[in-house]
Amino acid sequence: MKTYNIIKPDKYFDSVLLMQVSRELSSAPGIIELSVMMGSQGNKDLLRESGLLAAEGENARGSDLLIAFKADGSADLDAFVEKVENALTRRTPARAEDGDEEESVKSLESAYAKLGGADVVFISLPGDYAAWEAEKALDMGMHVMLFSDNVPLEDEISLKKIGKEKGLLVMGPDCGTAFIGGVGLGFANAVREGKIGVVGAAGTGMQEVACIISNLGAGLSHGIGTGGRDVKKDVGGMAFLMGLEMLIEDPGTEIIILVTKPPDKGVEDEIIKMAAAGKKPVVACLLGSAHKEDAPPVHYASTLEQAAVKALELAGIRQKIEDPEMSPGLKSRLEKISPRRRFLRGLYSGGTLGSEAEILLRPGMPGLLSNLSKKSEERLPDPWKSSGDCIVDLGDDLFTRGRPHPMIDYALRKERMLKEATDPECAVILFDVVLGYGSNADPAGELEDALLRIDKMEGGPLLVAALCGAKDDPQGYERQQKVLERCGVQVCLSNASAVKLVNKILNKLPVSSK
Amino acid sequence: MSEIGNKIEAANNEAVQMMQTARPVWVDVGRASDVIPGMEEDLILHAGPPVKWENMCGPVKGAVLGALVYEGKASGLKDAEKLVESGRIKFDPCHHHRAVGPMAGVVSPSMYVFVIENRTHGNRAYCTINEGLGKVLRFGANSDEVIRRLKWMEHTLGPVLQKAVRQAKDGIDIKAVTAQALQMGDECHNRNVAASTLLLKELVPYLLKLDIDREVLVSVIEFIMGNPHFFLNVSMAACKSIADVIRGKEYCTVMSAMARNGTELGIQVASLGDRWFTAPAGNPKGLYFPGFTEKDANPDLGDSTISETAGIGAFAMAAAPAIVRFIGGSPKDAVRYTRQMYEICSGTHVDYQIPYMDFMGTPLGVDIRKVVEKQVTPIINTGIAHREPGVGQVGAGILYAPMDCFEKALEALADTLVPA
Amino acid sequence: MEKKNLLKKGIKVISMGLPIFYESLKAQDVETVQVDWKPPARGEKRLLDLLRKLR
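What counts as what
- Residues numbered from 1 in each chain as written.
- Chains lettered and ligands numbered in written order.
- Predicted model: local features only at pLDDT ≥ 70, side-chain atom pairs only at ≥ 80, totals over all residues.
- Heavy atoms only, no water.
- Helix = DSSP H or I, 4+ residues; strand = E, 2+ residues; numbered from the N terminus.
- Rg over C-alpha atoms; globule rule 2.2 N^0.38 Å.
- Buried < 20%, exposed > 50% of the residue type's maximum accessible area, 1.4 Å probe, protein only.
- Contact = heavy atoms within 4.5 Å.
- Areas by Shrake-Rupley, 256 points an atom, 1.4 Å probe, with all protein chains shown as cover.
- Lys, Arg positive; Asp, Glu negative; His and termini not counted.
- Charge placed at Lys NZ, Arg CZ, Asp CG, Glu CD.
- Salt bridge = Lys/Arg side-chain N within 4 Å of Asp/Glu carboxyl O.
- Core = buried A, V, L, I, M, F, W, Y, C linked by side-chain atoms within 4.5 Å.
- pLDDT = per-residue confidence, 0-100.
- Buried area = accessible area lost by both parts, 1.4 Å probe.
- Polar contact = N/O pair within 3.5 Å; in protein donor to acceptor, adjacent residues only side chain to side chain.
- Nonpolar A, V, L, I, M, F, W, Y, C, P; charged D, E, K, R; others polar.
- Pairing = 2+ DSSP bridges.
- Phe/Tyr/Trp six-rings, centres within 6.5 Å; stacked < 30°, edge-to-face > 60°.
- Lys NZ or Arg CZ within 6 Å of the ring centre and 35° of its normal.
- Axes fitted to C-alpha atoms, helices over the stretch in contact; angles between N-to-C directions.
- Parallel < 35°, antiparallel > 145°, perpendicular 65-115°, else oblique.
- Expected span 1.5 Å × (residues − 1).

**Describing the overall build of chain C**
Assigned secondary structure in chain C consists of 2 helices and 2 strands. For chain C, the succession of helices and strands along the chain, N to C, is β-α-β-α. A compact globule built from 55 residues should have a C-alpha radius of gyration of about 10 Å, whereas chain C, at 16 Å, is more than 25% larger. Its C-alpha atoms give chain C principal-axis dimensions of about 40 × 35 × 10 Å. For chain C, the proportion of its 55 residues judged to be buried stands at 58%. Within chain C, contacts between residues at least 6 apart in sequence are counted, and of these 0% link residues at least 24 apart. A total of about 2,500 Å² of accessible surface is found on chain C, and carbon and sulfur atoms cover 52% of it. Between the centroid of the 13 positive side chains of chain C and the centroid of its 7 negative side chains there is a distance of 7 Å.

**Quick notes on the pattern of salt bridges**
Opposite charge on two side chains makes pairing possible when the charged atoms of those side chains draw close. Enumeration according to the criterion identifies 66 salt bridges over all chains in this entry. The shortest N-O distance in the salt bridge between Asp64(A) and Arg61(A) comes to 3.3 Å. A relative accessible area of 26% means that Arg61(A) is categorised as partly exposed. Its salt-bridge partner being Lys136(A), residue Glu133(A) comes within 3.7 Å of it at the nearest N-O pair. Taken together, the positions of Glu133(A) and Lys136(A), both in helix α6 (residues 127-139) and 3 residues apart, correspond to about one turn of that helix. For the pair Glu133(A) and Lys136(A), one class covers both residues: buried. Among the ionic contacts, a cluster of salt bridges with common partners joins Glu407(B), Glu411(B), Arg42(C), Glu44(C) and Arg46(C).

**Comments concerning the nonpolar core**
Leu185(A), Ile257(A) and Val464(A) are the most contacted members of the largest nonpolar core, which has 102 residues in total. Top element by residues in this core is helix α9 (residues 238-249) of chain A. It accounts for 8 residues. Apart from residues no more than four positions distant in its own chain, Leu185(A) is found in contact with Val120(A), Phe122(A), Met145(A), Gly176(A), Thr177(A), Ala178(A), Ile180(A), Ile11(C), Val13(C) and Leu25(C).

**Notes on the environment of Lys135(B)**
Residue and element names in this part refer to chain B. Along the chain, Lys-135 turns up in the loop between β6 (124-128) and α5 (144-167). Classification of Lys-135 as partly exposed rests on a relative accessible area of 44%. Leaving out residues up to four positions away in the same chain, Lys-135 has contacts with Ala-141, Val-146, Arg-149, Gly-390 and Val-391.

**A few points about the confidence of the model for chain A**
Looking at chain A as a whole, the pLDDT averages 92, with 97% of positions reaching at least 70. Counting interchain partners and residues more than four positions distant, the pLDDT-below-50 stretch residues 92-101 of chain A has 12 contacts.

**Some points on the interface of chain A and chain C**
How big an interface is tends to be stated in terms of accessible area lost as the parts join. In this assembly, 65 residues from chain A lie in contact with 46 residues from chain C. Between chain A and chain C, a total of about 5,100 Å² is buried, with carbon and sulfur atoms accounting for 64% of that surface. Counting the contacts that link chain A with chain C gives 4 salt bridges. Asp36(C) is the partner of Lys106(A) in a salt bridge, and the nearest nitrogen-oxygen pair spans 3.3 Å.

**Here we look at the interface of chain A and chain B**
The interface of chain A with chain B comprises 11 residues on the first partner and 8 residues on the second. Each partner contributes to the roughly 780 Å² buried at the junction of chain A and chain B, and carbon and sulfur atoms together form 36% of this total. Of all residues in chain A, Glu103(A), Glu109(A) and Asp139(A) give up the largest surface area on contact with chain B, accounting jointly for 46% of the area buried on that side. Run the count over chain A and chain B and you get 2 salt bridges. Two residues, Lys374(B) and Glu109(A), come together in a salt bridge whose shortest N-O distance is 3.0 Å. Inspection of the region where chain A meets chain B yields 6 residue pairs in polar contact (both at pLDDT 80 or more). Secondary structure elements with two or more residues in the side of chain A that touches chain B: α5 (108-115) and α6 of chain A. Sort the elements by how many residues they give to the side of chain A that touches chain B and α6(A) lands first, with 4 residues. A class-by-class count of the residues in the side of chain A that touches chain B yields 1 nonpolar, 2 polar and 8 charged.

**Things to note about the pairing of strand β7 (residues 177-180) of chain A**
Within a regular beta strand, the side chains point alternately toward one face of the sheet and then the other, so they alternate between its two faces. All names here are of chain A. Neither face of β7 is left uncovered, since the one carrying Thr-177 and Phe-179 and the one carrying Ala-178 and Ile-180 both have all their residues buried. Of the pairings in the sheet, the one linking β7 to strand β8 (residues 183-186) comprises 4 bridges and is antiparallel in character. Paired with Phe-179 across the bridge in β8 is Gly-184.

**Regarding the packing of aromatic side chains**
Across all of its chains, the model carries 15 aromatic pairs over all chains by this definition. With a centroid separation of 5.1 Å and an interplanar angle of 50°, the aromatic rings of Phe122(A) and Phe21(C) are classed as tilted. Here Phe21(C) lies in helix α1 (residues 19-27) and Phe122(A) lies in strand β4 (residues 120-124), a pairing that spans two chains. Exposure remark for Phe122(A): the relative accessible area of 0% places this residue in the buried category. Residue classification places Phe21(C) among the buried positions, given a relative accessible area of 1%. Lying across the ring of Tyr70(B), Lys151(B) places its NZ or CZ 4.7 Å from the centre.

**Topic: unusual backbone geometry**
Cis rather than trans, the peptide bond between Gly172(A) and Pro173(A) has omega equal to 10°. By the secondary structure assignment, Pro173(A) is in the loop between β6 (170-171) and β7. The peptide bond linking Pro296(A) to Pro297(A) adopts the cis configuration, its omega dihedral lying at 10°. Here Cys188(B), not a glycine, exhibits a phi torsion of approximately 65°, which is positive. Tracing the backbone shows Cys188(B) in the loop between α6 (174-182) and α7 (193-208). The backbone of Ala41(C) shows a phi angle near 50°, a positive value even though the residue is not glycine.

**Here we look at the sheet that holds strand β9 (residues 264-269) of chain B**
Residues and elements named next belong to chain B. As summarised here, the arrangement of the 4 strands in space is β10-β9-β8-β12, forming an open sheet in which the pairing is antiparallel. Across the chains shown, the open sheet's two edge strands, defined by having one partner strand only, are β10 (277-280) and β12 (301-302). Summarising the sheet, strand β8 (residues 255-261) and β12 pair through 2 bridges and their orientation is antiparallel. Within the sheet, the bridge partner assigned to Arg-260 lies in β12 and is Gly-302. In this fold helix α13 (residues 404-417) packs onto β8, β9 and β10, with an angle of close to 155° to the strand it touches most, β10.

**Some details on the packing of helix α16 (residues 443-456) of chain A against helix α17 (residues 477-486) of chain A**
Residue and element names in this part refer to chain A. Across the interface, α16 lies against α17 with an axial gap of 9 Å and an inter-helix angle of 5°. With respect to α17, the axis of α16 lies roughly parallel. Counting all contacts with α16, which are made through Pro-443, Ala-444, Glu-448, Leu-451 and Leu-452, the residues of α17 involved are Gln-480, Val-483, Leu-484 and Arg-486. Here the contact of α16 with α17 is built from residues that sort into 6 nonpolar, 1 polar and 2 charged.

**Some thoughts on α13(B)**
Here α13(B) contains 14 residues, and its C-alpha end-to-end distance of 20 Å stays within 8% of the 20 Å for a straight helix at 1.5 Å per residue. Among the residues making up α13(B), those that are buried are Cys405(B), Phe406(B), Glu407(B), Ala409(B), Leu410(B), Ala412(B), Leu413(B), Ala414(B) and Leu417(B).

This is how it looks when you write it as structure tokens:
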């Protein structure tokens, strides 16, 4: 076995494509391991750690493609490298679509010229370069949405300062979702348009709130994302406050929802002060904060679902969400469950949804472990391995290194689900399925065979899913729901109700030794 | 944008503005020793950044030797070589004397040169008179025939053109000719068919008014008519008079000169004054005359890249689809090259327009920062000289300037503008 | 400075990075352009640092 590094100078491909191709071709004949990456320092370090960096690879530059693999004697190396290259060039949609008539656009400036001006630059580039292009976008007078993570804190602060000076919004870094005037950016859903505006420092949290609102018959004016770090002390809520101010001033917004994990105290005070002065009704959902009394116009909600319902109420729409009842299928499974099975395993792709579950479960489940918790006694020691009751956020950096986000790529979740199911102590597998633009095109289809295998296990665990999606999402909300149900999953229409259902199940387990 | 960034941006915008408003006018023809500043008896000017005799490429050496014979300083080429090796002859880049020269760019004291005045800013620039195609001094040819033609140019062509242009009260507006030619399929570097005709049209009335021998007149007109690149040297001097206006401009990161001596390509940057940043000259890809191949080609040569520096030439290729014959591409490729140059330029030239691109101005003012950031260097249209002295032109083609000199310039800019 | 209004209908978006997000903008009939992006200054830190000084 030998390690090979092949450099293709000045060939850029995005990381998702590289990861897909790496995965797809790593099982080619004679190939033991494959990683196709851009030759940046960070990537070279990763390769070195995994023993895939050879001497020639050290010379790769950030703009070079680096094909690193281990092969045994049987591999046809030239043919394999050609195969990798073909796989990469086969699908560069931007190029294929433009055809040869239209030139591809090489820079922000020419894109701006081609569109005759633009409002937002959506950046999902590697973190090292994201701030670079974001600053340029701000200089050109455009708002920025930074989907990228791994952007240094000092860059975030400096970008947001520039934005503040120029009256331009910097959403992110690590901002997954925004809705602007009916357009979903990043991971976003096909929600109805309406009069409720959202500012969110928690991406899937905003998706959940928006979907519930839309599915209950109301709609969204705008949803402004900020990235989770925005509300911490260092950044001081610069984007959050600007977003809130914009919604207060926006004539199309009548009710405002704020979604965030608990902000820094000073930042929270500023936000609430601005909200209180704004005259529009505000529902603040500060996930994980202690209960607060409403002080109109500011109202408080403790779950995402409650935030949506309260906002609807303020809009004059009364919608009661019934507590979920166990389906007959789940009941009969519960009767047959093996008595040793007693723990919950939550496998989340949406970080905020995972957090919400953790927060809601913790009071009745003091031993709950999670990679989402900041407290060391509550942290899952090795997120790759479950033990006891636990909630795992599979969107954690630890899992996304060299792999697309779990909302896009379901491979890891599938694998983990099967692993949990075969753990004789696992009673319930709780998971989220996030639909919408940017997400996997058919999540239920991806999970189907794994779920069916679990469903067939004698005395096996119960399956509960929180389906986060709007009725009109491209994946087909109802179709997704039906496929999941056919696989023995009880599908809940919000994360909060999925958690309630899980609590019910756990309380009815044959064992009470917990 | 930082404070320094703002200053640079403002300076670069101003630089583009200045170059756009420059109005080169052909005002005179004169002997190099009379008109070129700092021209001395034993001085030979050459193209590109400074280069020592021992490092000069074949065509430049050939042209230098030919010029010494032409000047009567040597009885033959061997003799001329001895003279150079004696150290009596001094060399200097044309660019150091407000002049430019195509290919070898050799200028010796007796040669007649075009005098172009930028009427907006008042500065002047100089370039020799184009000798025509085939075996010519600028490609390193130096046979008796070449020398004889140079003599005729000195004794007949130069003085006639001088008398003619001096009759034009306001001179001949080269900016107007260039703008017009760009809309007639020239890019005014490697294709000057329309511009040469337009220039002759401007010139003829003045020629006809001269009290000179009819046969002399015919020979002059035939000479100009027989050379589709007659305009090139006028245009180069005009471009030089445009680019020189930003030389020394504070905070400006725009390229103020780009030139090749056949060994190295060098660039200068406005705010860095007369410093050169060099890299080995590249090899053009192109179309070769029958009997010649890439193996015969000398590396990239000449000051004619002053055209690209001033926003025409390869930068205006979209205006000259016929030029792609040289590169074996389609007219679409010409558009692609021009489009690419917008990516590295600070602005556009309002008066030099490209009909095909909806009369958009040509890309103008190469910003060193953009070149390095985008890893795209200026594209160059060029003639190709034989690598041996004395042979002449073997083809024409296209190439990108080397990246290395731009990266060196960037470093110098950072050191100068943002001292540690 | 006056705020540049973001909250309106019919925003135009430039996308840089993962093509999936460009595709989803297209699917929503948004006026959008995907930049065929390459790392600036071939991703070389030395050059990026120089450029940062001058921007």
